[in-house]
Amino acid sequence: AQARRLGDDAEAGLRAAERDLLGAVEEDPSDVEARLALAGFELDRGAPDKAAAALAPVAAAAASDPRVVDAQARAMAAQGRVLDAMNLIDAALGRAPGDARLLTAKGLVLAQSGKRAEAEKLWADAAARDPRGWEPHLLLGRAALARGDVEAAARPIQLAVERAPAEAEAVVGSADLLLARKDLPAAEAGYRRALSLDPAEARALVGLSRVALARGDSASARASLERALRLDSGLGQAQALLGELAWKAGDLPGARKALAAAVALDPSDAWARARLGAVELDQREIDAAITDLLAASNMEMGSAEIRVWLGRALLAKNDLPPAAEQLRKAVELDPGNGRNHLLLGQVLERQNALAEAAESYRTAQARAPDLVEAWEAMASLLASQNRCADALKQLERAVALAPREQRLRVAQGDCEMRLGRPEAAIALYRRALDADPRQRGLAFKIGRAAHEASGMKDALPWYERAAREEPPEPMAWYYLGFAYKDRNQRARAVEAFKTYLAKKPDADDRTDIEREIEDLGGRVR
């Protein structure tokens, strides 16, 4: 109530409300009502330790009061003491079988431990036993939304709002449903109505952040999430979204910190754990990524997206058979996703299962005709089999889709070289270099093509340019050595050969090049 009176200054209102509640408890330490109010306040603000401390002095005396057991169990579960919470509720249910409040609390504890189907059965039982109750209906609606069943969520959420129209939490549930239906204006209005009922309703701020994200307004989303966490530090949803924002912005340490906090707050949140694993993968923390992605996959066994991340992590560890297994499952779960077929093909190619890889690439092309990488991957596979004419057809399609990706023209040039058409290769390499002068390695490729097409005279300037690049191409020094030798520039030839060996100390022809150096009057060491 204090928070509502202070309007938008909800944080000041919460501080004032906490002072009032603490004062009431100090005035009469045995007042169960005051302690329940304080415990509920602390639970709503993500402070289960404070909630447990508020209830401790009256817990034994009020053990038969379902309200006290309910608050205690929620505090224990939020502290990670799931077994203690379950034992407490089961004992209370033994004294009061079928109590709707206790059934609801038990469902919350089960959901936190990942047993969502069992939780939903308990909430349905509680809803049937209490005609006036609203929370079990809201929880059933949220559960349906979490598994993506928007229509199944509609009726229980509607019932929750009908029974508690002034409860901000129920109104947030209704706005969540509107957001799931992609009705952004109505969802935003719902979240703002919830805040008008209770300016300290942090879930409404999380909802507004989701609306902002759907509109592409990351700054507003972040501001809402940070405010939500100031109001309720235990809100795992807000931490998870902050982590996702940081991930998209390229802030991997920030993303990992926020997502780890989300997982600590709600270990059953498969999506937060999956995103944590994906961030760890981006940080090349492969073992940590596999651990988190395995856990997330076990919680959400029907998620193709999580299996793709897990497959990528296993691929990064070079565990090819399990990587292929995960990607095959992802393809089964989401057969229309061309990128999943592409990834599976890349793993199969690494396993040297080339026919299967080619089939996966073809399927990727069929499912996603605009996926440039699928045409590029097929071209690379064909080129590795010396089928360069076929590879060029694939690359033509890729270039048509992405004309600014100069690596594709370079690949075309490589195929032309292997087909014995150096003039065509030079034209492609020159076009790519003109479009992007920063492309390292093209000077050497042009030099080699010119060498084959018309001899060393035309190739020499390109070899010299390649030798000046940073980092330089070792083979450029090799060819320069012979070019200078043919021109009787002995000192320059010796220097070029020595540089070649310095740049490529494990060269197979080291002995031959050392002999060349000595024949030119130089010293190897």
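Counting of residues starts from 1 at the beginning of each chain's written sequence and follows it residue by residue. A pLDDT threshold of at least 70 governs which residues receive local features in this predicted model, and a stricter bar of 80 or more applies before side-chain atom pairs are shown or counted, although totals over entire chains, interfaces and linings include all residues. Side-chain figures throughout are based on the complete set of non-hydrogen atoms in the structure, without hydrogens or water.

Considerations on unusual backbone geometry
The criterion, for reference: Helix and strand labels come from DSSP, where a helix needs a run of H or I of at least four residues and a strand needs a run of E of at least two; each type is numbered from the N terminus. Burial classes follow relative accessibility: with a 1.4 Å probe on protein chains only, a residue under 20% of its type's maximum area counts as buried, one over 50% as exposed, and anything between as partly exposed.
Following Glu 470, the chain continues to Pro 471 via a peptide bond in cis, the omega torsion being -5°. Among the structural elements, Pro 471 can be located in the loop between helix H28 (456-468) and helix H29 (474-486). Even without glycine at this site, Asn 318 takes up a positive phi of about 65°. Here Asn 318 is to be found in the loop between helix H19 (304-316) and helix H20 (320-333). When its relative accessible area of 47% is taken as the criterion, Asn 318 is described as partly exposed. In this model, Asn 386 sits at a positive phi of 65°, which is unusual for a non-glycine residue. With respect to the helices and strands, Asn 386 occurs in the loop between helix H23 (372-384) and helix H24 (388-401).

Quick notes on the side chain of Ser 268
Test applied: Counted as a polar contact is a pair of N or O atoms within 3.5 Å, where, for protein atoms, one must be capable of donating a hydrogen and the other of accepting one, and residues adjacent in sequence contribute only when both atoms are in side chains. Contacts were defined at the residue level, with two residues in contact if any of their heavy atoms lie within 4.5 Å.
Among the secondary structure elements, Ser 268 is positioned in the loop between helix H16 (252-265) and helix H17 (270-282). Separated by 3.4 Å, the side chain of Ser 268 and the backbone oxygen of Ala 111 make a polar contact. Apart from the residues lying within four places of it in its own chain, the contact partners of Ser 268 are Ala 111, Gln 112, Gly 114 and Met 299.

Side note on the packing of aromatic side chains
Heads up, the rule is: Think of it this way: a Phe, Tyr or Trp ring, Trp meaning its six-membered ring, pairs with another when their centres are within 6.5 Å, and the plane angle makes it stacked under 30 degrees, edge-to-face over 60, tilted otherwise. Any Lys NZ or Arg CZ found within 6 Å of a ring centre and within 35 degrees of that ring's normal is scored as a charge over the ring.
Taken as a whole, this structure holds eight aromatic pairs when the rule is applied. Ring plane angle 80° and centroid distance 5.0 Å describe the contact between Phe 482 and Phe 497, whose orientation is recorded as edge-to-face. Separated by 15 residues along the polypeptide, Phe 482 in helix H29 and Phe 497 in helix H30 (residues 490-503) bring together distant segments of the chain. Here the aromatic cluster, defined as three or more aromatic residues joined through ring pairs, consists of Phe 444, Tyr 463, Tyr 478, Tyr 479, Phe 482, Phe 497 and Tyr 500. Here the guanidinium or amino end of Arg 45 rests over the ring plane of Phe 41, the centre of that ring lying 5.7 Å away.

Thoughts on the pattern of salt bridges
Rules: Every case where a carboxyl oxygen of Asp or Glu lies within 4 Å of a side-chain nitrogen of Lys or Arg is listed as a salt bridge.
Summed over all chains, the structure comprises 36 salt bridges. Linking Arg 407 and Glu 376 is a salt bridge whose minimum nitrogen-to-oxygen distance equals 2.8 Å. Of this pair, Arg 407 sits in helix H25 (residues 406-418) while Glu 376 sits in helix H23, and the two are 31 residues apart along the sequence. By relative accessible area, which is 22% here, Glu 376 ends up partly exposed.

Looking at helix H5 (residues 66-78)
The following threshold applies: An expected span of 1.5 Å times one less than the residue number is assigned to each helix.
The terminal C-alpha atoms of H5 lie 18 Å apart, and with 13 residues this matches the ideal 18 Å at 1.5 Å per residue to within 8%. Along H5, the residues classified as buried are Val 68, Val 69, Asp 70, Ala 71, Gln 72, Ala 73, Ala 75, Met 76 and Ala 77. Where H5 is buried, its residues touch helix H3 (32-44), helix H4 (48-59), helix H6 (82-95) and helix H7 (100-112). Where H5 starts, the residue carrying a side-chain oxygen 2.9 Å from the main-chain nitrogen of Arg 67 turns out to be Asp 65.

Side note on the nonpolar core
So the rule is basically this: Nonpolar core, defined: a set of buried Ala, Val, Leu, Ile, Met, Phe, Trp, Tyr and Cys residues in which side-chain atoms within 4.5 Å join the residues together.
Counting 63 residues, the largest nonpolar core has Trp 247, Leu 293, Tyr 361, Leu 408 and Cys 415 as the members making the most contacts within it. It is H23 that contributes the most residues to this core, nine residues altogether. Filtering out sequence-adjacent residues up to four positions away, Leu 293 remains in contact with Ala 274, Gly 277, Ala 278, Ile 306, Trp 309, Leu 310 and Ala 313. Core analysis: the next-biggest nonpolar cluster, separate from the first, contains 46 residues, Ala 34, Ala 75, Ala 168 and Val 211 among them.

A look at H28
For H28, built from 13 residues, the straight-helix expectation of 18 Å at 1.5 Å per residue is met to within 8% by its first-to-last C-alpha distance of 18 Å. Turning to H28, its buried residues are Met 456, Ala 459, Leu 460, Trp 462, Tyr 463, Ala 466 and Ala 467. In this structure, the buried residues of H28 make contact with helix H26 (422-435), helix H27 (442-454) and H29.

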